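Survey of secondary and tertiary structure
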Amino acid sequence: MKKGTVKKLIASVLAGALMFSITACGNKNNGGQDGNPSSSQSSSEGILEKIKKSGKIVLGTSADFPPYEFHKEINGKDEIIGFDISIAKEIAKDLGVELEIKDMKFDGLLTALEASKVDFVMAGMNPDAERSKSVDFSKIYYEAEQTILVRAEDKEKYNGVESLTGKKIGAQKTSVQEKIANEQIRDAQVKSLGKVTDLVMELKNKKVEAVVVETVVAKSYAAANKDLAVADFKFDAGKDEIGSAVAVKKGSKDLVEAVNKTLDRLISEKTIEKMVIEANNQVDNQ
Ligand code: ARG
């Protein structure tokens, strides 16, 4: 009898969960894909409303990208910090909700967003044309250049794109840097991995000769690892690849507006530059 009640309870909870996911799914399908603006709007309102109701907003990031986002032990506890995280906290604050962070591989971020596993993505992500087909982006909040990280003893050797011809080059899977390595370095043997931290290990272990990364990120790793250095050149970046933006699920008009409002405030207060300096100071130096 008691068992039966428990079973019934489980069944009804499951049914409820199913109903909920069907409703959520229904909302998703209305996400403007049918080109009907009113259904698109109800979907976007749904997202902002859902966030406010739940009292939290979930950020997806790949915390291997100092000073944007990285792990650091603070008072014996592993924390994810960086200037993307500081900005995300301001977005959450302006919405009046808590920030929850989900750390994952860079190449899984947009899928997680599309599947509503996260509400927004901040990962030093460039809003390129390909990505813009599947997600929406905020305005650009930070601009960066692309270079390579090398072993300190090779800094003179790798002084331009030509010097990298035919070499083993590391780059993060599905990143703009992977594209740059393939397109701009002649005969490059590109090794793509999910985490920049693993690429840095490959570099130290001489499995690759250089890792393509953003200059600020390269500087950050070089400051933390005396055996690494930033090369003295930069790649020609395409217009898509210059700045970072916040990604949200396609059709989330209200959320993009809210995010842009926070970004406008931070940009006009010149807060982002301060956050970058602060994050750089927090990177562990050796
Ligand atoms: N800016 C590059 C891109 O958008 C790389 C970003 C990598 N970010 C990270 N958190 N690992 O493709």
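Structure: see above.
In this report, we go over the structure that sits alongside the text. As the structure is a prediction and not an experimental result, all values here were calculated from the model.

Turning our attention to unusual backbone geometry. Cis geometry is found at the peptide bond from Pro66 to Pro67, where omega equals 5 degrees. Summarising the element assignment, Pro67 is placed in the loop between strand E2 (64-65) and strand E3 (69-74). Residue Asn75 is not a glycine yet carries a positive backbone phi of 50 degrees. Looking at where Asn75 falls in the secondary structure, it is placed in the loop between E3 and strand E4 (77-81). Assessed through its relative accessible area of 80%, Asn75 is described here as exposed. The backbone of Lys270 shows a phi angle near 60 degrees, a positive value even though the residue is not glycine.

Our next topic: empty space enclosed by the protein. Tallied over the full model, the rule gives two cavities of 30 Å³ or more. Its boundaries defined by the atoms lining it, the largest cavity holds a volume of some 60 Å³. Around the largest cavity, the lining residues are Phe65, Phe106, Ala123, Gly124, Met125, Asn126, Arg131, Gln172, Ser175, Val176, Gln177 and Glu214. Taken together, the residues of the lining of the largest cavity break down into five nonpolar, five polar and two charged. Its volume calculated, the second largest cavity comes out at about 30 Å³. Forming the boundary of the second largest cavity are Phe65, Ala171, Gln172, Ser175, Gln177, Val196, Leu199, Val211, Val212 and Val213.

Before going further, it helps to spend a moment on the nonpolar core. Note on soluble globular proteins: their nonpolar side chains tend to be buried together. Counting residues in hydrophobic clusters, the biggest one holds 53 residues, and the most contacted among them are Phe83, Ile87 and Leu149. Per-element tally for this core: the top contributor is helix H3 (residues 83-95), with seven residues. Look past the residues within four positions of Ile87 in its chain and what remains in contact with it is Met122, Tyr141, Leu263, Leu266, Ile272 and Met275. One finds Tyr158, Ile169, Ile180 and Ala210 within the second-largest nonpolar core, a separate group that totals 15 residues.

Moving on, we come to the layout of surface pockets. In this structure, the second largest pocket occupies an estimated 290 Å³ of space. In this structure, the second largest pocket is lined by 14 residues; those nearest its centre are Pro66, Phe70, His71, Tyr221 and Asp284. Breaking the lining of the second largest pocket down by element, the ones donating at least two residues are E3 and helix H8 (215-224). Element by element, the count of residues in the lining of the second largest pocket is highest for E3, at three residues. Taken together, the residues of the lining of the second largest pocket sort by class into six nonpolar, five polar and three charged.

Rules used in this analysis
Residues numbered from 1 in each chain as written. Predicted model: local features only at pLDDT ≥ 70, side-chain atom pairs only at ≥ 80, totals over all residues. Heavy atoms only, no water. Helix = DSSP H or I, 4+ residues; strand = E, 2+ residues; numbered from the N terminus. Buried < 20%, exposed > 50% of the residue type's maximum accessible area, 1.4 Å probe, protein only. 1 Å grid on protein atoms, 1.4 Å probe; cavity = no way out; pocket = protein on both sides within 12 Å on 5 of 7 lines; lining within 4 Å. Points joined across faces, edges and corners; volume = space filled by probe spheres on them. Nonpolar A, V, L, I, M, F, W, Y, C, P; charged D, E, K, R; others polar. Core = buried A, V, L, I, M, F, W, Y, C linked by side-chain atoms within 4.5 Å. Contact = heavy atoms within 4.5 Å.

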